[in-house]
Amino acid sequence: SSKTFWTTTGMFPQELIIGFPKCVKISKVGIQCYLVRTLRIEKSTSKDPVDFEQCIEKDLQHREGQLQMEEFPLPEFQATYLRFIIKSAFDHFVSVHRVMAEGT
């Protein structure tokens, strides 16, 4: 829902894990967030959310008063879980409004 979001508790790093019902192929990941400075995305193909491997780490641009909309085209990979780690921020609190994964 565009009316809901996830917010941090003020300390970093913070993480958010998304689980899929089964292992899927992913070719692009996107995020809509606010005040995130450094973001790392990791994947896991395990049955449980463990044994994560880094996909990408990126510093995002600060957009005063606007949501940050970032897309990460990646070489196609398989994942059962995606972990989004917010390593640092432009303020004490940040928010994540939408996470997108494209693939099959």
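Now for a quick tour of the structure. Predicted, not measured: the structure shown is a model, and the values here were computed from it.

1. Some remarks on the overall build of the protein chain
From N to C terminus, the protein chain includes zero helices and six strands. Its helices and strands taken in sequence order, the protein chain reads β-β-β-β-β-β from the N to the C terminus. Along the three orthogonal principal directions, the C-alpha set of the protein chain runs to about 35 × 25 × 25 Å. Out of the 104 residues in the protein chain, the part that is buried amounts to 38%. The contacts in the protein chain between residues at least 6 apart in sequence include a share of 78% that link residues at least 24 apart. Of the roughly 6400 Å² that the protein chain leaves accessible, carbon and sulfur atoms contribute 49%. The positive charge centre, built from 13 side chains, and the negative charge centre, built from 13, are 4 Å apart in the protein chain.

2. Re unusual backbone geometry
Residue P13 is reached from F12 by a cis peptide bond, and omega for that bond is 5 degrees. Its location among the elements puts P13 in the loop between β1 (6-7) and β2 (14-34). Of note in the backbone geometry, L35 takes a positive phi value of approximately 70 degrees without being a glycine. Looking at the element boundaries, L35 is found in the loop between β2 and β3 (36-44). Overall, the relative accessible area of 10% leaves L35 in the buried class.

3. A short note on the pairing of strand β5 (residues 68-89)
Pairing of β2 with β5, which is carried by 15 bridges, proceeds in the antiparallel orientation. In the strand pairing of β5, L16 is matched with F84.

4. What about the environment of F77?
With respect to the helices, strands and loops of the structure, F77 is situated in strand β5. Ignoring sequence-local partners within four residues, the contact set of F77 consists of V24, K25, I26, V29, K43, C55 and L82.

5. Quick look at the sheet that holds strand β4 (residues 53-59)
Spatially, the six strands line up as an open sheet ordered β1-β6-β2-β5-β3-β4, and their pairing is antiparallel. The sheet is open, and its two borders are formed by β1 and β4, each paired with just one other strand. As judged from the eight bridges shared by β2 and strand β6 (residues 95-103), these two strands associate in the antiparallel manner. What sits directly across from Y34, in β6, is S95.

About the criteria used
- Within each chain, residue numbers correspond to sequence positions counted from 1 in written order.
- Residues qualify for local features only when their pLDDT is at least 70, as the model is predicted, and side-chain atom pairs are given and counted only at 80 or more; totals for whole chains, interfaces and linings, by contrast, use all residues.
- Side-chain figures throughout are based on the complete set of non-hydrogen atoms in the structure, without hydrogens or water.
- A run of H or I in DSSP becomes a helix once it reaches four residues, and a run of E becomes a strand once it reaches two; helices and strands are each numbered from the N terminus.
- Between buried and exposed lies partly exposed: a residue is buried under 20% and exposed over 50% of the maximum accessible area for its type, with that area taken using a 1.4 Å probe on protein chains only.
- Throughout, a contact is declared for two residues whenever any of their heavy atoms are within 4.5 Å.
- Areas reported here follow the Shrake-Rupley algorithm with a probe of radius 1.4 Å; residue values treat only the protein chains shown as occluding.
- When charges are counted, Lys and Arg are positive and Asp and Glu negative, with His and the chain ends excluded.
- Here the site of a charge means atom NZ of a Lys, CZ of an Arg, CG of an Asp or CD of a Glu.
- Strands pair, by our definition, only if DSSP identifies at least two bridges between them.

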